[in-house]
Amino acid sequence: RALLGAAVAFASVSTFADGSWADRDTFAVTAARLPEVGRMRVSAGGGIESAAAHTSLYAVRAGALYAAMPSLAFSVRAEQQYGIIAPVASAHLQAIRQEDHGVNLATVARVRVAGPRRGTPELEISLNIGRDLGRFDVVGNILAGAPLSGPFGIDSAGAMSAGVAVGEAVRLSLDARM
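None of these values were measured; they are calculated from a predicted model.

A tally of helices and strands in the chain yields one helix and eleven strands. Traced from its N-terminal end to its C-terminal end, the chain shows the element sequence β-β-β-β-β-β-α-β-β-β-β-β. Going through the 178 residues of the chain one by one, you find that 44% of them count as buried. Look at the contacts in the chain between residues 6 or more apart in sequence, and 44% of them connect residues 24 or more apart. When the accessible surface of the chain is split by element, carbon and sulfur atoms take 69% of a total near 8800 Å².

Here is the structure:
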């Protein structure tokens with residue numbers, strides 16, 4: 001079942017001076033770049049997902065990420081999705097930085113208390129690639145997830161975001177996830 005999501009707006013309590021927009025997550029896409037060591041990124045976002053069966057789902061996310069070491073960060077967030085409010089914990093590893101190789105590349109291991117299989121915990125792994133183009137940025141994710149309990153099965157998804165910074169504290173984006 002394919003989902004297509006569009007985030008109307010993504011707001012961050014960080015300012016643009018705190019770093020690049022390339023290190024901030026969007027509604028449906030995980031950033032391909034981590035903040036500098038010692039920085040905490042606090043963010044919130046929401047949007048509507050529409051499924052092929054003409055149903056829609058409103059979701060809200062808020063969380064914090066802390067860059068503990070060069071190329072390593074940890075995050076926690078709360079998600080209201082699938083009718084459930086649930087915590088999510090992640091470890092982020094920055095493999096390549098745009099300054100050195102022209103693109104940002106990161107991988108994320110994420111544990112969701114309530115995954116897409118209605119209340120079943122899930123382990124999700126993603127590969128995230130992106131490029132910051134000044135006020136504009138593009139990011140793509142490839143994701144695979146498996147339940148931590150119940151029947152085993154691997155689901156996969158792709159996600160993409162194109163965004164523009166509007167002022168210092170707001171980024172507008174169009175996100176898609178299939």
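Now for the pairing of strand 10 (residues 155-166). Relative to strand 10, strand 9 (residues 136-147) is paired through ten bridges, and the arrangement is antiparallel. Across the sheet, residue Val-139 finds its bridge partner in strand 10, namely Ser-161. Examined bridge by bridge, strand 10 and strand 11 (residues 170-177) share eight bridges and lie antiparallel to one another. Within the sheet, the bridge partner assigned to Ala-162 lies in strand 11 and is Leu-174. Hairpin connection, strand 10 to strand 11: the antiparallel pair is bridged by three residues, and Gly-167 has positive phi, about 80 degrees.

Attention shifts here to the pattern of salt bridges. A complete count under the given rule lists eight salt bridges for this structure. In this structure, Glu-79 and Arg-77 form a salt bridge, with 2.6 Å as the shortest nitrogen-oxygen distance. Summarising the burial analysis for this pair, Glu-79 and Arg-77 share the class buried. What emerges from the salt-bridge pattern is a single network uniting Arg-61, Arg-77, Glu-79, Arg-110, Arg-112, Glu-122 and Glu-124.

All right, on to the nonpolar core then. Membership of the largest hydrophobic core is limited to seven residues, which are Ala-28, Val-29, Ala-32, Val-139, Leu-143, Ala-157 and Ala-159. Once residues lying within four places of it in the same chain are set aside, the contact partners of Val-139 are Val-29, Thr-30, Ala-32, Ile-129, Gly-130, Ala-159, Met-160 and Ser-161.

Below, the discussion takes up the side chain of Arg-112. Among the secondary structure elements, Arg-112 is positioned in strand 7 (residues 104-112). One polar contact links Arg-112 to Glu-124, side chain to side chain, over a distance of 3.5 Å. When neighbours within four sequence positions are excluded, Arg-112 is seen to be in contact with Arg-77, Glu-79, Pro-87, Val-88, Pro-121, Glu-122 and Glu-124.

Let us now look at the confidence of the model for the chain. Here the chain shows a mean pLDDT of 79. Residues at 70 or above account for 76%. The weakest mean pLDDT in the chain belongs to strand 1 (residues 3-6) at 36; the strongest belongs to strand 7 at 94.

Turning our eyes to something else, we now look at the environment of Leu-133. Structurally, Leu-133 is set in strand 8 (residues 122-133). The class of Leu-133 is partly exposed, set by a relative accessible area of 45%. Along the backbone, Leu-133 and Val-164 are 31 residues apart, and their C-alpha atoms lie at a distance of 9.4 Å.

A contiguous nonpolar surface patch, about 310 Å² in accessible area, is contributed by Val-111, Leu-123, Ile-125 and Leu-148. Examined against the element boundaries, Leu-148 turns out to sit in the loop between strand 9 and strand 10.

Structurally, Arg-110 is set in strand 7. A polar contact is formed between the side chain of Arg-110 and the side chain of Thr-30, at a distance of 3.0 Å. A polar contact is formed between the side chain of Arg-110 and the side chain of Glu-124, at a distance of 2.7 Å.

Conventions we followed
- Residues numbered from 1 in each chain as written.
- Predicted model: local features only at pLDDT ≥ 70, side-chain atom pairs only at ≥ 80, totals over all residues.
- Heavy atoms only, no water.
- Helix = DSSP H or I, 4+ residues; strand = E, 2+ residues; numbered from the N terminus.
- Buried < 20%, exposed > 50% of the residue type's maximum accessible area, 1.4 Å probe, protein only.
- Contact = heavy atoms within 4.5 Å.
- Areas by Shrake-Rupley, 256 points an atom, 1.4 Å probe, with all protein chains shown as cover.
- Pairing = 2+ DSSP bridges.
- Salt bridge = Lys/Arg side-chain N within 4 Å of Asp/Glu carboxyl O.
- Core = buried A, V, L, I, M, F, W, Y, C linked by side-chain atoms within 4.5 Å.
- Polar contact = N/O pair within 3.5 Å; in protein donor to acceptor, adjacent residues only side chain to side chain.
- pLDDT = per-residue confidence, 0-100.
- Patch = residues over 30% accessible without salt bridge, like charges linked within 9 Å, V, L, I, M, F, W, Y side chains within 5 Å.

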